[in-house]
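Structural description and commentary
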Amino acid sequence: MPTKKQIVDAAHALVRGELVAMPTETVYGLAADATNEAAVKRIFAAKGRPADHPLIVHVRKGDDLGRWAKRMPSHVAPLIKAFWPGPLTLILKKTDAISDVVTGGQSTVGLRCPAHPVAQALLDAFAKHGSGIVAAPSANRFGHVSPTTAAHVASEFGALIVGQASDKSSKVKHPITLLDGGACDVGIESTILDLSGKAPVLLRPGAISMADIERVIGVAVSTREGAQLSDGTLPRVSGDRAAHYAPRTPLKLITNDALAAEVDVLLAAGKRVAVLAFAAKPKVKPSPVGVGVRNLRPLVWIQAPTKVEDFARDLYASLRTLDAAGTSMMLIEAPPKEAAWEAINDRLSRAAVGVGIVTRAGANSGET
Ligand code: TXA
Ligand code: MG
């Protein structure tokens, strides 16, 4: 965990308009003072993210939301009471205090109160010297897998980060301060609920499920596919593009009964394979791998936890490990098609589309 001094230093970096990579309970975020347009533009530049994709604004526990959002719907109070601080982002009509640079030109703002103690400590320290709110997308390059450890963040932005082995930060104009708060507990991005229209719409599934939300507000939530915003348009959600959260290795979702045969075929063809499956690694015969890869393991296998919370927590680290193994194919055993696995199935199908492979589920290949 970072020291108090490191947190205060990071808050001062925010005041100066610099970027801070901070742990949250979901994934690491790349934060900037949400009221400083030049600082927010640095997020887009560092990530390579298109300017029209809105950022989530992170607030302190107990912050007065009326400063950032207007026309507070009645569902807000019970949702905050039930789930904040925690992995739920609420989309609300924004006030003029929130810049169009943050919202990608939209009239709404995404607000989230992160539960991670380091994120809260940073926001508290920042509130003493600055606005106390930070815009923060996941701390990865655009379209790539979200980071769930400080090491993942370092691998995304290496040379820009202060104090890394590869530190060139004294040479870059705007270095990134990285706070290491350990591995993220939740492991996948927050649930996003749009409350800016007539009825609540789920824009991104997450650890807090649609049923959890409906239980608290007592009315049905619709999915994005089933709803349009009051002005007739669909909201732009970058994580909602088919291709997203993508590793670089071709990735295929595969059912349990097809997995073993597929692995055999690939190995027999001299290919190296990476697998994430609920089953344990099978014994494989030494296979005729090609020259140059003889010393590399032909089959890299991660056995995934069967509990959904554990699966979510480990998912992105596993994808990064399997991707780094440099195999020619990544096979992922498809989790159950049950409501509890909705957020996981959402991320996996996007990751599979993101690398341009047609999955068994029949998704079309997409852009990366
Ligand atoms: O768990 C999380 O939400 C993490 C941590 C760092 O808080 N953040 C995160 O940010 O996942 P990002 O930028 O990678 O994804 C934010 C999503 C995007 O899909 C964006 O389009 C959507 O939130 N979003 C933000 N503001 C919005 C708005 N006003 N209307 C619709 N969607 C919005
Ligand atoms: Mg992201």
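Residue numbers restart at each chain and count upward from 1, following the sequence in its written direction. Key to labels: chains lettered from A, ligands numbered from 1, both in the order written. Predicted model: local features are reported for residues with pLDDT of at least 70 only, side-chain atom pairs are reported and counted for 80 or more only, and whole-chain, interface and lining totals are derived from all residues. Side-chain numbers here rest on the full set of heavy atoms in the structure, without hydrogens or water.

**A short note on the pattern of salt bridges**
Working definition: two side chains of opposite charge can pair if their charged atoms are close together. What counts as a salt bridge is simple: a side-chain nitrogen of Lys or Arg found within 4 Å of a carboxyl oxygen of Asp or Glu. Per the counting criterion, the structure on display carries 13 salt bridges. In this structure, Arg-347 engages Glu-189 in a salt bridge whose closest nitrogen and oxygen atoms are separated by 2.8 Å. One end of the pair, Arg-347, is in helix H10 (residues 342–354); the other, Glu-189, is in the loop between strand S7 (176–178) and strand S8 (191–194), and 158 residues separate them in sequence. Here Arg-347 matches Glu-189 in class, with each residue buried. Counted as one network, the salt bridges with shared partners bring together Glu-189, Asp-346, Arg-347 and Arg-350. Helix and strand assignments follow DSSP, with helices taken as H or I runs no shorter than four residues and strands as E runs no shorter than two, numbered in order from the N terminus. Categorising residues by exposure relies on relative accessible area from a 1.4 Å probe, with only protein chains included: less than 20% of the type maximum marks a residue as buried, more than 50% marks it as exposed, and the intermediate range marks it as partly exposed.

**Considering the environment of Ala-32**
Note on placement: Ala-32 falls in strand S2 (residues 29–33). Residue Ala-32 is classed as buried on the basis of its relative accessible area of 0%. Those residues within four positions of Ala-32 in sequence are excluded, and the remaining contacts are Leu-14, Glu-18, Leu-19, Ala-39, Val-40, Ile-43, Ile-133, Val-134 and Ala-135. Residues count as neighbours in contact if any of their non-hydrogen atoms are within 4.5 Å of one another.

**Structural notes on the pairing of strand S4 (residues 88–93)**
For S4, a buried count of six out of six residues is recorded, marking the element as mostly surrounded by other parts of the structure. What makes two strands pair is DSSP finding at least two bridges between them. Across four bridges, S4 lies against S8 in parallel orientation. Directly across from Ile-91, in S8, lies its bridge partner Asp-194. Relative to strand S5 (residues 108–112), S4 is paired through four bridges, and the arrangement is antiparallel. When the bridges of S5 are listed, Leu-92 appears paired with Val-109.

**So, the packing of aromatic side chains**
Describing an aromatic ring pair means giving the distance of the ring centres and the angle of the ring planes. Any Phe, Tyr or Trp ring, taking Trp's six-membered ring, that has another such ring centre within 6.5 Å forms a pair; planes under 30 degrees apart are called stacked, those over 60 apart edge-to-face, and the others tilted. Within the structure shown, the criterion is met by three aromatic pairs. An angle of 35 degrees between the planes, with centres 5.6 Å apart, marks the rings of Phe-278 and Phe-311 as tilted. Linking Phe-278 in the loop between strand S12 (273–277) and strand S13 (299–303) with Phe-311 in helix H9 (residues 308–324), this pair joins segments that are 33 residues apart in sequence. For the pair Phe-311 and Trp-341, a centre-to-centre distance of 5.2 Å together with 75 degrees between the ring planes defines the contact as edge-to-face. Taken as a pair, Phe-311 in helix H9 and Trp-341 in the loop between strand S14 (329–333) and H10 lie far apart in primary sequence, 30 residues in all. Classification of Phe-311 by relative accessible area gives buried; the value is 3%. Trp-341 gets classed as buried once you look at its relative accessible area, which sits at 6%. In textbook terms, an aromatic cluster arises when at least three aromatic residues are bridged by ring pairs, as seen for Phe-278, Phe-311 and Trp-341.

Any functional reading would require information beyond the geometric quantities listed.
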